[in-house]
Amino acid sequence: MVIGVPKEIKADEYRVSVVPAGVEVLTKAGHQVLVETGAGLGTSISDAEYAEQGAEILPSAAEVWRRSELIVKVKEPMEPEFPLIRQGQVIFTYFHLAAAESLTRTLLDKQCVCIAYETIQEVDGSLPLLTPMSEVAGRMAIQEGAKYLERPQEGRGILLSGVPGVPPANIVIIGGGVVGINAAKIAAGIGAQVTVLDVDLDRLRYLDDVLPPNVMELYSNAYNIRRMLREADLLIGAVLIRGDRAPVLVTREMLSLMKPGAVIVDVAVDQGGCVETIRPTTHSRPTYMVDGIVHYAVANMPGAVAGTSTYALTNVTLPYLKQLADRGWREALRRSLPLRHGLNLAEGQVTFEPISDLFRLPFAEPGALLAGPAS
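The rules behind these values
Residues numbered from 1 in each chain as written. Predicted model: local features only at pLDDT ≥ 70, side-chain atom pairs only at ≥ 80, totals over all residues. Heavy atoms only, no water. Helix = DSSP H or I, 4+ residues; strand = E, 2+ residues; numbered from the N terminus. Rg over C-alpha atoms; globule rule 2.2 N^0.38 Å. Buried < 20%, exposed > 50% of the residue type's maximum accessible area, 1.4 Å probe, protein only. Contact = heavy atoms within 4.5 Å. Areas by Shrake-Rupley, 256 points an atom, 1.4 Å probe, with all protein chains shown as cover. Lys, Arg positive; Asp, Glu negative; His and termini not counted. Charge placed at Lys NZ, Arg CZ, Asp CG, Glu CD. Pairing = 2+ DSSP bridges. Axes fitted to C-alpha atoms, helices over the stretch in contact; angles between N-to-C directions. Phe/Tyr/Trp six-rings, centres within 6.5 Å; stacked < 30°, edge-to-face > 60°. Lys NZ or Arg CZ within 6 Å of the ring centre and 35° of its normal. Parallel < 35°, antiparallel > 145°, perpendicular 65-115°, else oblique. Left-handed = near helix turned anticlockwise from the far one by under 90°. Core = buried A, V, L, I, M, F, W, Y, C linked by side-chain atoms within 4.5 Å.

*Asks:* I would appreciate a short explanation of the overall build of the protein chain in the present structure.
*Replies:* Counting secondary structure elements, the protein chain contains 12 helices and 15 strands. In terms of overall dimensions, the protein chain is globule-like: its C-alpha atoms have a radius of gyration of 21 Å, near the 21 Å expected for 375 residues. Out of the 375 residues belonging to the protein chain, those deemed buried represent 55%. The long-range fraction of contacts in the protein chain, counting pairs at least 24 apart against all pairs at least 6 apart in sequence, stands at 63%. Accessible surface computed for the protein chain: about 15,200 Å², of which carbon and sulfur atoms make up 51%. Across the protein chain, the 34 positively charged side chains and the 43 negatively charged ones have centroids separated by 2 Å.

Right, dumping it as C-alpha cells:
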C-alpha cells in the first residue's frame, strides 16, 4: 500500500504522524511510504533520516495526497487540504468530529474513509491512541496553568506551591480520567492543594488509593462544582465522553463565583469544552479573558512538546497503521473490533452513532460497509 505522511499545517502543530522507525517497519513489510519534505522538522527529524529508512521524500503536500491510498496525520484535515482528498482515500488521524460539524459534512461530501484515533477502543474499554496525548495534556495543563497564573499574564500572581508561611494554590480538576490523574500527579508533586471531581465512585476510590494526601476526591455534581469554583485559583477541564461532545459543566454565570485572575485550562476544548465560555485558541495566542477569568484553550496542547509527544503517539499508532496497510481498511476492520470502533465516516455515510445523533445525520452500520470487497 502507498502511505502518505504530509506535513501538519494546523497552527503551531509540530508533531508528525510517522517517525523513521515506523517507516522502517512499513517498508520492510512491502509498503511504500511518501513523506512530504520538512514533515518531521518540528520534531527535529530530517528528510535524510526518513530517506535512510526507505521513505520517498516529495516536494509538496499535493503530491503526497495525490499518490497515497492511505494518509496518516496527527490532526484533522484543514481547509487547504480539502481539495486534495480523493473519494475512497483512507485518512487515519485525530478527527474530533463532535466539535466540527462543518468538517464532518465536508468529509462526507468527499466520500473518503475516516478512521479516528480518538475512538479506537480496546475490549477493556481503554482508548489506546488517546491515552498518551491525554497524559501529555494533563501534565502540560499544570505547567501552562502555572504560567498564566503569573501576574504579567493577567493571572492572580499565585505560586502553585506557595512558600513557608503562605498557602499553596487551590487547583480544581473536573474529571478523574487520564488527563485528570496526570494533572493531579504534577499538581500534587508541586505542592498545590488539589481537588479532583468525578461521577464514578470507583474511580474516586482508585484515585484516593494512588494519589498523595494533598489531593482530595469529590463527587461531581453542580453543587460541588459551584462550591469548588469559589476556591479555585486554577481550574482544569478534563472531561471526556468518547467521540461525543463534552458536557458543559461550568456556565458563564458560574464564572462570577471565581476569583478575579483565576485561570481555566480546558483540555476538553477539542471536543467542544466543558466550560461554556471556552473557544479554541493556538499556541501563539493561547489565552483570552472573560469576566476577569483567564481562559487557556489550545486544542492541540501536545503539539508544543513534539519532541516528546510525537514519539508517545507513534508508539501506539504504528501497530494499527500497519494493520490497515497490510490488510486494507475493510479487512483490517473486519478482523479488529478496536479498529472498527475507529471508523467514523465511510463512503459518504456516518458510521459512528454519536456523530449521527449530534448532527442529525443518517447512521450506517459499519458491518454493512465492511461486507464489500477488500480495499
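*Asks:* Looking at this structure, I do not really get the sheet that holds strand β5 (residues 90-93). What am I missing?
*Replies:* The strands making up a sheet associate through backbone hydrogen bonding, with each pair oriented either parallel or antiparallel. Reading across from one edge, β3-β2-β1-β4-β5-β6-β14-β15 is the order of the 8 strands in this open sheet, with mixed pairing throughout. Looking along the sheet, the strands with just one partner apiece sit at the ends: β3 (56-58) and β15 (349-350). Alignment of strand β1 (residues 2-5) against strand β4 (residues 70-72), held across 2 bridges, turns out to be parallel. If you follow I3 over to β4, its bridge partner there is L70. Helix α9 (residues 306-335) contacts β1, β4, β5, β6 (113-116) and β14 (343-346) of the sheet and is inclined by roughly 150° relative to β5.

*Asks:* What's the story with the packing of aromatic side chains in this structure? I'm lost.
*Replies:* One pair of aromatic rings is described through two measures. These are the centre distance and the angle between the planes. Applying the stated rule across the entire model yields 3 aromatic pairs. When the ring of F92 is compared with that of Y117, the centres are 4.7 Å apart and the planes differ by 85°; the resulting orientation is edge-to-face. One end of the pair, F92, is in strand β5; the other, Y117, is in the loop between β6 and α5 (131-148), and 25 residues separate them in sequence. On the basis of relative accessibility, which here comes to 0%, the residue F92 falls in the buried class. A centroid spacing of 5.8 Å and a plane angle of 40° characterise the contact between Y148 and Y296, whose relative ring orientation is tilted. Here Y148, found in helix α5, pairs with Y296, found in strand β13 (residues 293-296); they are 148 residues apart in sequence, far enough to count as distant. For the pair Y148 and Y296, a shared accessibility class is recorded, and that class is buried. Here the aromatic residues F92, Y94 and Y117 are joined through ring pairs into a cluster of three or more. Against the face of Y288 rests R279, its NZ or CZ located 3.8 Å from the ring centre.

*Asks:* Would you take a moment to explain the packing of helix α1 (residues 20-28) against α9 for this structure?
*Replies:* Packed helix pairs are characterised by how far apart their axes lie and by the angle those axes make with each other. Taken N-terminus to C-terminus, the directions of α1 and α9 make an angle of 25°; their axes are 11 Å apart at the nearest point. With respect to their mutual orientation, α1 and α9 come out roughly parallel. Taken as a pair, α1 and α9 cross one another with a handedness that is right-handed. Together, G22, V25 and L26 of α1 and L318, L321 and K322 of α9 make up the contact between the two elements.

*Asks:* Looking at this structure, how should I read the nonpolar core?
*Replies:* Where a protein is soluble and globular, its nonpolar side chains tend to be buried together. Of all hydrophobic cores here, the largest spans 75 residues; its most connected members are F92, I115 and W329. By residue number, the principal contributor to this core is α9, which donates 9 residues.

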